Amino acid sequence: MGVRRAAKGIGDFLMESVGEAVAEVILGLLACALLFCLGLIAYLSWSFSPRLTVAGAGVLSLFLAYGAWGAFREPSKGRHRRGVAAVATGGFTLAAATAVFLLFYASDCNCL
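The rules behind each value
- Residue positions are given per chain, counting from 1 as you read along its sequence in written order.
- Only residues with pLDDT of at least 70 get local features here, since the model is predicted, and only at 80 or more are side-chain atom pairs given and counted; chain-wide, interface and lining totals rely on the full set of residues.
- Values reported for side chains reflect all heavy atoms of the structure, with hydrogen atoms and water molecules removed beforehand.
- Counting from the N terminus, the helices are the DSSP runs of H or I reaching at least four residues and the strands are the DSSP runs of E reaching at least two.
- For every residue, the accessible area (1.4 Å probe, protein chains only) is compared with the maximum for its type, and the residue is labelled buried under 20%, exposed over 50%, or partly exposed between those bounds.
- Residue burial considers only the protein chains on display, and all accessible areas are found by Shrake-Rupley using a 1.4 Å probe.
- Note on geometry: axes are lines fitted to C-alpha atoms, helical ones only across the stretch in contact, with angles between N-to-C directions running from 0 to 180 degrees.
- When an angle is under 35 degrees it counts as roughly parallel; over 145 it counts as roughly antiparallel; between 65 and 115 it counts as roughly perpendicular; any other value is oblique.
- We call two residues contacting when some pair of their heavy atoms lies within 4.5 Å.
- All residues other than Ala, Val, Leu, Ile, Met, Phe, Trp, Tyr, Cys, Pro, Asp, Glu, Lys and Arg, Gly among them, are scored as polar; the first ten of these are nonpolar and the last four charged.
- Within the patch definition used here, like charges are joined within 9 Å and nonpolar side chains (Val, Leu, Ile, Met, Phe, Trp, Tyr) within 5 Å, considering only residues with over 30% relative accessible area and no salt bridge.
- Here, a salt bridge means any side-chain nitrogen of Lys or Arg that lies within 4 Å of a carboxyl oxygen of Asp or Glu.
- Expected span, for any helix, means 1.5 Å times one less than how many residues it has.
- Aromatic rings from Phe, Tyr and Trp, taking only the six-membered ring of Trp, are treated as a pair when their centres fall within 6.5 Å; an angle between ring planes under 30 degrees marks them as stacked, one over 60 as edge-to-face, and anything in between as tilted.
- Helix crossings fall into two classes, left-handed where the near helix is turned counterclockwise from the far one by less than a right angle and right-handed where it is turned clockwise.

Quick look at the overall build of the protein now. Broken down by element type, the protein carries three helices and zero strands. A burial count over the protein gives 12% of its 112 residues as buried. Summing over all exposed atoms, the protein offers an accessible surface of approximately 9,100 Å²; the carbon and sulfur share of this is 72%.

Next up, the structure:
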(Lines give C-alpha, C1' and ligand atoms only; values in the text may rest on other atoms or scores of the structure.)
Protein backbone atom coordinates (compact mmCIF):
# COMPACT_ATOMS: atom_id res chain seq x y z
CA MET A 1 0.00 0.00 0.00
CA GLY A 2 2.84 2.43 0.82
CA VAL A 3 4.63 1.66 -2.45
CA ARG A 4 1.56 2.59 -4.52
CA ARG A 5 1.13 5.86 -2.67
CA ALA A 6 4.83 6.68 -3.09
CA ALA A 7 4.71 5.82 -6.81
CA LYS A 8 1.59 7.97 -7.23
CA GLY A 9 3.27 10.86 -5.41
CA ILE A 10 6.38 10.61 -7.56
CA GLY A 11 4.24 10.45 -10.72
CA ASP A 12 2.26 13.53 -9.66
CA PHE A 13 5.49 15.39 -8.91
CA LEU A 14 6.98 14.49 -12.29
CA MET A 15 3.83 15.51 -14.18
CA GLU A 16 3.74 18.85 -12.35
CA SER A 17 7.44 19.46 -13.03
CA VAL A 18 7.11 18.65 -16.73
CA GLY A 19 3.97 20.82 -16.96
CA GLU A 20 5.77 23.78 -15.39
CA ALA A 21 8.77 23.34 -17.71
CA VAL A 22 6.52 23.25 -20.77
CA ALA A 23 4.61 26.32 -19.55
CA GLU A 24 7.88 28.21 -19.03
CA VAL A 25 9.02 27.38 -22.57
CA ILE A 26 5.68 28.43 -24.06
CA LEU A 27 5.61 31.70 -22.10
CA GLY A 28 9.21 32.44 -23.07
CA LEU A 29 8.42 31.86 -26.76
CA LEU A 30 5.34 34.08 -26.48
CA ALA A 31 7.39 36.84 -24.87
CA CYS A 32 10.07 36.62 -27.58
CA ALA A 33 7.42 36.67 -30.31
CA LEU A 34 5.74 39.71 -28.71
CA LEU A 35 9.08 41.49 -28.40
CA PHE A 36 9.88 40.70 -32.04
CA CYS A 37 6.48 42.01 -33.20
CA LEU A 38 6.87 45.23 -31.20
CA GLY A 39 10.33 45.75 -32.69
CA LEU A 40 9.05 45.03 -36.19
CA ILE A 41 6.18 47.51 -35.76
CA ALA A 42 8.62 50.18 -34.58
CA TYR A 43 11.02 49.48 -37.47
CA LEU A 44 8.30 49.50 -40.12
CA SER A 45 6.65 52.65 -38.79
CA TRP A 46 10.03 54.43 -38.60
CA SER A 47 10.91 53.42 -42.15
CA PHE A 48 7.50 54.66 -43.35
CA SER A 49 7.59 58.05 -41.61
CA PRO A 50 9.89 59.05 -38.72
CA ARG A 51 7.85 62.16 -37.94
CA LEU A 52 4.61 60.23 -37.77
CA THR A 53 6.29 57.60 -35.58
CA VAL A 54 7.47 60.23 -33.08
CA ALA A 55 4.06 61.94 -33.13
CA GLY A 56 2.30 58.59 -32.60
CA ALA A 57 4.63 57.69 -29.75
CA GLY A 58 3.92 61.07 -28.14
CA VAL A 59 0.16 60.65 -28.45
CA LEU A 60 0.38 57.09 -27.10
CA SER A 61 2.51 58.31 -24.18
CA LEU A 62 -0.02 61.02 -23.35
CA PHE A 63 -2.85 58.50 -23.55
CA LEU A 64 -1.04 56.07 -21.23
CA ALA A 65 -0.12 58.88 -18.83
CA TYR A 66 -3.78 59.91 -18.68
CA GLY A 67 -4.68 56.27 -18.01
CA ALA A 68 -2.10 56.05 -15.23
CA TRP A 69 -3.43 59.26 -13.71
CA GLY A 70 -6.95 57.83 -13.84
CA ALA A 71 -5.83 54.51 -12.36
CA PHE A 72 -3.95 55.96 -9.39
CA ARG A 73 -5.99 59.03 -8.46
CA GLU A 74 -8.47 59.04 -5.63
CA PRO A 75 -11.96 58.35 -7.05
CA SER A 76 -14.54 61.06 -6.48
CA LYS A 77 -17.57 60.26 -4.38
CA GLY A 78 -20.34 58.83 -6.55
CA ARG A 79 -18.37 59.17 -9.79
CA HIS A 80 -17.31 56.31 -12.03
CA ARG A 81 -14.88 56.25 -14.91
CA ARG A 82 -16.66 56.63 -18.21
CA GLY A 83 -15.73 56.97 -21.85
CA VAL A 84 -12.17 58.01 -22.60
CA ALA A 85 -11.07 57.77 -18.96
CA ALA A 86 -12.14 54.13 -18.73
CA VAL A 87 -10.47 53.26 -22.05
CA ALA A 88 -7.26 55.08 -21.05
CA THR A 89 -7.16 53.32 -17.68
CA GLY A 90 -7.71 49.96 -19.37
CA GLY A 91 -5.00 50.74 -21.93
CA PHE A 92 -2.56 51.68 -19.18
CA THR A 93 -3.38 48.49 -17.28
CA LEU A 94 -2.84 46.39 -20.42
CA ALA A 95 0.44 48.17 -21.20
CA ALA A 96 1.67 47.69 -17.62
CA ALA A 97 0.76 43.99 -17.67
CA THR A 98 2.55 43.55 -21.01
CA ALA A 99 5.63 45.32 -19.67
CA VAL A 100 5.73 43.10 -16.59
CA PHE A 101 5.25 40.00 -18.77
CA LEU A 102 8.13 41.06 -21.02
CA LEU A 103 10.33 41.88 -18.04
CA PHE A 104 9.91 38.43 -16.54
CA TYR A 105 9.99 36.27 -19.64
CA ALA A 106 11.75 38.15 -22.45
CA SER A 107 14.68 39.09 -20.20
CA ASP A 108 15.37 35.33 -20.01
CA CYS A 109 15.23 35.04 -23.78
CA ASN A 110 18.39 34.63 -25.83
CA CYS A 111 16.87 36.76 -28.59
CA LEU A 112 17.93 40.02 -26.91
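Attention now moves to the packing of helix α2 (residues 50-72) against helix α3 (residues 84-105). Between two packed helices, both the angle of their axes relative to each other and the distance between the axes serve to describe the pair. With their axes 7 Å apart at the nearest point, α2 and α3 run at an angle of 100° to one another. When the axis of α2 is compared with that of α3, the two are roughly perpendicular. Contact residues: α2 offers F63, L64, Y66, G67, A68, G70, A71 and F72, while α3 offers V84, A85, V87, A88, T89, G91, F92 and A95. Here the residues of the contact of α2 with α3 are counted per class, giving twelve nonpolar, four polar and no charged.

To continue, consider a nonpolar patch on the surface. Judged by side-chain polarity, L60, F63, Y66, W69, V84 and V87 come together as a nonpolar surface patch covering roughly 590 Å² of accessible area. Taken together, the elements giving at least two residues each to the nonpolar patch come down to α2 and α3. Per-element tally for the nonpolar patch: the top contributor is α2, with four residues. Its place among the elements puts F63 in helix α2.

Quick look at α3 now. Its 22 residues give α3 an end-to-end C-alpha distance of 31 Å, which sits within 8% of 32 Å, the value for a rise of 1.5 Å per residue. In this structure, the buried residues of α3 make contact with α1 (2-48) and α2.

Remark: the centre distance and the inter-plane angle together describe each pair of aromatic rings, the angle taken between the planes. Under the definition given, this model contains two aromatic pairs. Between the aromatic rings of F72 and F92, the centroid separation amounts to 5.8 Å while the plane-to-plane angle is 80°, which identifies the pairing as edge-to-face. Note that F72 is positioned in helix α2 and F92 in helix α3, a separation of 20 residues in sequence. Assessed through its relative accessible area of 67%, F72 is described here as exposed.

A word on the packing of α1 against α3. One can describe the packing of α1 onto α3 by two numbers: an axis separation of 9 Å at closest approach and a directional angle of 120°. In this structure, the crossing between α1 and α3 has a hand that is left-handed. Of α3, the residues touching α1 (which contributes E24, L27, G28, L30, A31, L34, L35 and L38) are T98, F101, L102 and Y105. Class assignment of the residues belonging to the contact of α1 with α3 gives a composition of nine nonpolar, two polar and one charged.

On to the pattern of salt bridges. Summed over the entire model, instances satisfying the criterion amount to one salt bridge. Notably, a salt bridge pairs D12 with K8, separated by 3.3 Å at the nearest N-O pair. Linking D12 with K8, this pair stays in helix α1, spanning four residues, or about one helical turn. Judged by its relative accessible area of 44%, D12 falls in the partly exposed class.

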